[in-house]
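# Coordinates in review
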Amino acid sequence: MIPDRFEYVAPSSVAEAVGLLQRYGAEAKVLAGGHSLIPLMKLRLASPRYLVDINRIRGLAQLQEDDGTLGVGALTRHADLETSELIRSRYPLLADAARVIADPLVRNMGTLAGSLAHADPAGDWGAAMLAVRAQVVATGPRRDRTIPIDEFFVDTFTTTLGPDEIVSEIRVPKPSPRSGGAYLKVERKVGDFAIAAVGTYVVLDEKGACRQVGIGLCNVGATSLRAKRAEETLRGRVPDEKAIADAARAASEECDPASDLRGPAEYKRDLVRVLIGRALRRAVQRAKGGA
Amino acid sequence: MGHRISVTINGTVHEAEVESRLLLVHFLREVLGLTGTHIGCDTTNCGACTVLLQGRAVKSCTVLAVQADGREVMTVEGLARNGQLHPVQEGFFEKHGLQCGFCTPGMMMSAYALLQQNPNPSEGEIRWGISGNLCRCTGYVNIVEAVKYAAEKMRATPAAAELERS
């Protein structure tokens, strides 16, 4: 399969890339890892007239902590997150998610920022970023705009990103003391999208109750979902089996899966319940210093 | 619109004028005649088209040839040197790591990339490392054996022997 004809441009700075987007508007697409876009172009589901390849821009592949956040660049690949000692030691939810995305070959190209901009509800990073309350830095013709992840996803494949904006960085809050996270996914086989997947993040207070709870859901709705009722169910409570079961039930009720070849909606709802239970237990265990 | 690209493939610089939409795998096979890299599913699933781009294993059906401009690519043709098989190739031969052979070039490139990063992988790490490559014949058992063989051989081969090969 061969994509439709397009003009390829490879700017050397973000400003130049933004200028191209301003000029070409909706006829242009940004190429980062390309592992969603190029397959779509080969299937002719996407036929942009201009492809703006940002891979030649220097300084966009960072992965470092500063000012209370972890900065993940627009060109930081899934594999960079998967193999990073910083991520492994301090961001267990991200480490869990990075290693279950697609397969090792795809992870060598695909990017976190591109995955969010693509806004496929089956993308793992959407759910993970909702759980940790990440922020998306959008660079456009004027100054940078920081978009809370809660305001980023509008609908399937649709975000609040403007046609002349590029996701230049993702910012993840640094982990608080007594915090832990986990990401769990059930897939039919390696490389497939999730039947369902969940990300959980908890911060415990001195008495062991949940001071902060973040829960993101993957592929059980029109967008990546934040399980707000499940979060509220757990917040302020000691995460014992009863509290976790209540939160898991709330998440299974508030998600909105569709029946498809990965399974009936009823099954996916129950899968969410089971995964949330397991992921919350693991997050709490990690918050208490366990592995 | 045509693009003039220059790509270093297996150590040799190749220059060509290509269309934007030309895929790297088609550039390798059809423009350069390097048909060792196979096209399997053509949908980013099977890994038959695996090559190394800047040292990282990627699916060349999902990379544009223009993206490889100024970069280094290694294909299965780059494994053997001076008529001598690479330990990865030797492993697949010795351990019967194939039946039809269609997935083999991609499988070997993933195995090669894995062993560059992790010279002494466990069986689990080998299976993890080749999990982006599908084989419909072997059930993977002998492929894993082949990669183990290659890992041992490469660890036992002093750097000098590696240099001699090149």
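Residues numbered from 1 in each chain as written. Chains lettered and ligands numbered in written order. Predicted model: local features only at pLDDT ≥ 70, side-chain atom pairs only at ≥ 80, totals over all residues. Heavy atoms only, no water.

Moving on, we get to helix 10 (residues 241-254) of chain A. Residue and element names in this part refer to chain A. The end-to-end C-alpha distance of helix 10 is 20 Å, a good match for the 20 Å that 14 residues give at a rise of 1.5 Å each. Listed as buried for helix 10 are Ala243, Ile244, Asp246, Ala247, Ala248, Ala250, Ala251 and Ser252. Next to the buried residues of helix 10 lie strand 13 (210-218), helix 9 (228-234) and helix 11 (265-287). (Helix = DSSP H or I, 4+ residues; strand = E, 2+ residues; numbered from the N terminus. Expected span 1.5 Å × (residues − 1). Buried < 20%, exposed > 50% of the residue type's maximum accessible area, 1.4 Å probe, protein only. Contact = heavy atoms within 4.5 Å.)

Right, let's get into the sheet that holds strand 3 (residues 50-53) of chain A. Residues and elements named next belong to chain A. Spatially, the three strands line up as an open sheet ordered 1-3-2, and their pairing is parallel. Here the strands that pair on one side only, and so sit at the sheet edges, are strand 1 (7-9) and strand 2 (28-31). Taking each pair of neighbouring strands and ignoring which way they run, the sheet shows an average axis angle of 25 degrees. In this sheet, strand 3 lies alongside strand 1 in parallel orientation, the contact comprising three bridges. Note on strand 3: the bridge partner recorded for Tyr8 is Leu51. Sheet strands touched by helix 1 (residues 14-24): strand 1, strand 2 and strand 3. Its angle to strand 3, the strand with the most contacts, is close to 165 degrees. (Pairing = 2+ DSSP bridges. Axes fitted to C-alpha atoms, helices over the stretch in contact; angles between N-to-C directions.)

With the rule as written, the count across this model stands at 36 salt bridges over all chains. Between B:Glu19 and A:Arg5 there is a salt bridge, with the nearest N and O atoms lying 3.4 Å from each other. Pair noted here: B:Glu19 is in strand 2 (residues 12-19) and A:Arg5 is in the segment before strand 1, and the two residues belong to different chains. What makes A:Arg5 exposed here is its relative accessible area of 59%. A salt bridge links A:Lys268 to A:Asp260; the nearest nitrogen and oxygen atoms lie 2.8 Å apart. Connected via shared salt-bridge partners are A:Arg133, A:Asp150, A:Arg226, A:Glu231 and A:Arg235. (Salt bridge = Lys/Arg side-chain N within 4 Å of Asp/Glu carboxyl O.)

Residue and element names in this part refer to chain B. Put simply, helix 2 (residues 87-94) and helix 5 (residues 141-156) touch, their axes get as near as 8 Å, and they point 135 degrees apart. By the angle between their axes, helix 2 is oblique relative to helix 5. Once helix 2 is placed against helix 5, the crossing between them reads as right-handed. Along the contact surface, helix 2 presents Pro87, Val88, Glu90, Gly91, Phe92 and Glu94, while helix 5 presents Ile143, Ala146, Val147, Tyr149, Ala150, Lys153 and Met154. (Parallel < 35°, antiparallel > 145°, perpendicular 65-115°, else oblique. Left-handed = near helix turned anticlockwise from the far one by under 90°.)

Moving on, we come to the interface of chain B and chain A. Facing 32 residues of chain B, the contacting portion of chain A comprises 34 residues. Overall, the association of chain B and chain A removes approximately 2,700 Å² of surface from exposure, summing both partners, and the carbon and sulfur fraction of that is 55%. When the buried surface of chain B facing chain A is broken down by residue, B:Arg21, B:Arg56 and B:Trp128 rank first, second and third, together holding 26% of it. Our count for the contact surface shared by chain B and chain A stands at four salt bridges. (Buried area = accessible area lost by both parts, 1.4 Å probe.)

For the structure shown, the criterion picks out zero disulfides over all chains. Of the cysteine sulfurs around B:Cys46, a residue in no disulfide, the closest is that of B:Cys41, at 3.8 Å. (Disulfide = S-S within 2.5 Å.)

Further remarks concern the pairing of strand 7 (residues 145-148) of chain A. Looking at chain direction, strand 6 (residues 135-139) of chain A and strand 7 of chain A are connected through four bridges and run antiparallel. Bridged to A:Val137 within strand 7 of chain A is A:Thr146.

Among the nonpolar cores identified, the biggest contains 57 residues, and A:Leu94, A:Leu116, A:Trp125, A:Met129, A:Ile170 and A:Val172 are the most heavily contacted of them. The leading source of residues in this core is helix 8 (residues 124-132) of chain A, at seven residues. A:Ile38, A:Leu51, B:Val63 and B:Val66 belong to the second largest nonpolar core, which has 32 residues in total. (Core = buried A, V, L, I, M, F, W, Y, C linked by side-chain atoms within 4.5 Å.)

Purely spatial values, then, with no claim about function.
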